[in-house]
Structure formats: C-alpha cells, structure tokens
Amino acid sequence: MQDVHEDFARRASEGDVESFEKIFRSYTDYVYNIALRIVQNREDAQEVTQEVFISVYHNLKNFRFQAKLKTWIYRITINMAINRTKKESKMNDRTVDYNNASAPGNPLSSLDNRVEREHKESIIKKLLDALTPEQRVCIVLRNIEGLSYQEIAQVLNINTNAVRSRLKRAREKVLALRKEVMVNEL
C-alpha cells in the first residue's frame, strides 16, 4: 500500500499547492523538532524549518520516490541543520544562546516542574553541544526520534556501520561528560 503522503508528494510535484500544504502540515513540527535538537536554538530551528520546506517545494519535481518521502525530508533537514550549526559555529566561535527559556506561565502553580524541566533540558543541551554535528544527529535520530540504525543510515545516506560507529563514539563522549556536567550544575 502506498503512503498517503507520497500521493500528496506526487500531486504537489505537479503543482498542486493544497497537496504541498498537507505535506507541510504533516511534517513541519517533526522537522522543527529535529532541527531544534541539532542547532540548539529556536530561531535557527525555525529558519532551518523554513529552508527545508522551501527546498522540498522546489525539489519535489526531482523526487524519484525510490525512498520514502519522510526519509527524504529527514535527509534535507539533517543536512540543513548541520550546515547551519557549522556556519553558526564559525561565526560565533561556539557561543551558546541561553535566552531560549520557555515562556513564563503561572509562577506559583508550576514553578517546581518548570525548574526541573529546564534543568534537565539544560543538561541535555550541554551534553549534545559537546558532540560533533554528525554525532548529535545520530543521537537525536536514534534516542530521541526512535529511528532504527537502518533508517538513520538511509536518512544520512551512510552505511549502517558508520551509524553504529558514530553512535558508539557519541555515547562514550556523553557518558564521559555526564558526571562533569551534572557536578558543575550542582
């Protein structure tokens, strides 16, 4: 059975704007979340998301349906997010934007939950920042998005052994840094 999104992709590649809008609505949150985990900045993740869908729109006519649409969109997202990270890294010399805290809600009702969530997010962010963009992508796709090794290999257009190697190195690095980050946070 053919994926319904691929039907929309075929129609969108022929100029059907409504089909493209359905693709956009189906994948925009997912693309944003992947981009955010890689670029570690909400504004950059929004820009990457926009760039991804501009690219998808312009390149749908070249999509050959040999891979799943979802895999193709992931690959575009990953490549654009990595490129953005490398560009920002060069421009900002690895400075981190700490002004991306969640919008404040009712401080009396959820302060403890918010503080705990922000603390955990801060630790995760620091651990992910320590990884190379390629390692970060593999960790995000495997441990956060739940993709299999084979799916990650397809998304990144690398072999499964390369995925395993990147994940192994990333996990070793995270484990080595975890104690240090947690001690510094206390």
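What counts, and at which threshold
- Going along each chain's sequence as written, the residues are numbered from 1 onward.
- Totals for whole chains, interfaces and linings use all residues, but because this is a predicted model, local features are given only for residues with pLDDT of at least 70 and pairs of side-chain atoms are given and counted only at 80 or more.
- Side-chain calculation: all heavy atoms of the structure are included, whereas hydrogens and water are not.
- Between rings of Phe, Tyr and Trp, where Trp is taken as its six-membered ring, a pair exists when centres lie within 6.5 Å; planes separated by under 30 degrees are stacked, by over 60 edge-to-face, and by other angles tilted.
- Should the NZ of a Lys or the CZ of an Arg lie within 6 Å of a ring centre and within 35 degrees of the ring normal, that charge is described as sitting over the ring.
- The secondary structure listing takes helices from DSSP runs of H or I that are at least 4 residues long and strands from runs of E that are at least 2 residues long, numbered from the N terminus.
- Residue contacts follow a heavy-atom distance rule, with two residues in contact if any of their heavy atoms lie within 4.5 Å.
- Fitting one axis to the seven residues ending at a residue and another to the seven starting there, the bend at that residue is the angle between the two axes.
- Summary of the burial criterion: residues with accessible area below 20% of their type's maximum are buried, those above 50% are exposed, and those between are partly exposed, where the area comes from a 1.4 Å probe applied to protein chains only.
- Polar contact is defined as a pair of N or O atoms within 3.5 Å, subject to the rule that within protein one atom must be able to donate a hydrogen and the other to accept it, and that residues adjacent in sequence are counted only when both atoms are side-chain atoms.

**Student:** Looking at this structure, how should I read the packing of aromatic side chains?
**Tutor:** How two aromatic rings sit relative to each other is set out by the distance from centre to centre and by the angle between their planes. Under the definition given, this model contains four aromatic pairs. Seen from the ring of tyrosine 30, lysine 70 lies directly overhead, with NZ or CZ sitting 5.6 Å from the centre. Looking at arginine 164, its charged tip hangs above the ring of tyrosine 149, at a distance of 4.6 Å from the centre.

**Student:** It is not clear to me how the environment of cysteine 138 should be interpreted in this structure. Could you clarify?
**Tutor:** Considering the arrangement of structural elements, one finds cysteine 138 in helix H6 (residues 133-144). A C-alpha to C-alpha distance of 9.8 Å links cysteine 138 and isoleucine 78, two positions 60 residues apart in sequence. When residues no more than four places from it in sequence are discounted, the contact partners of cysteine 138 are Ile152, Leu156, Arg166 and Leu167.

**Student:** What is the right way to look at helix H2 (residues 17-39) in this model?
**Tutor:** An α-helix turns once per 3.6 residues; consequently, residues spaced three or four apart project the same way. At tyrosine 27, H2 is bent by approximately 45°, the largest bend along its length. Within the span of H2, buried status applies to Ser19, Phe20, Ile23, Tyr27, Thr28, Val31, Ile34, Ala35, Ile38 and Val39. At the N-terminal boundary of H2, the capping side chain belongs to aspartate 16, with an oxygen 3.1 Å from the backbone nitrogen of glutamate 18. Just downstream of H2, glutamine 40 is the residue with a positive phi angle, here 60°.

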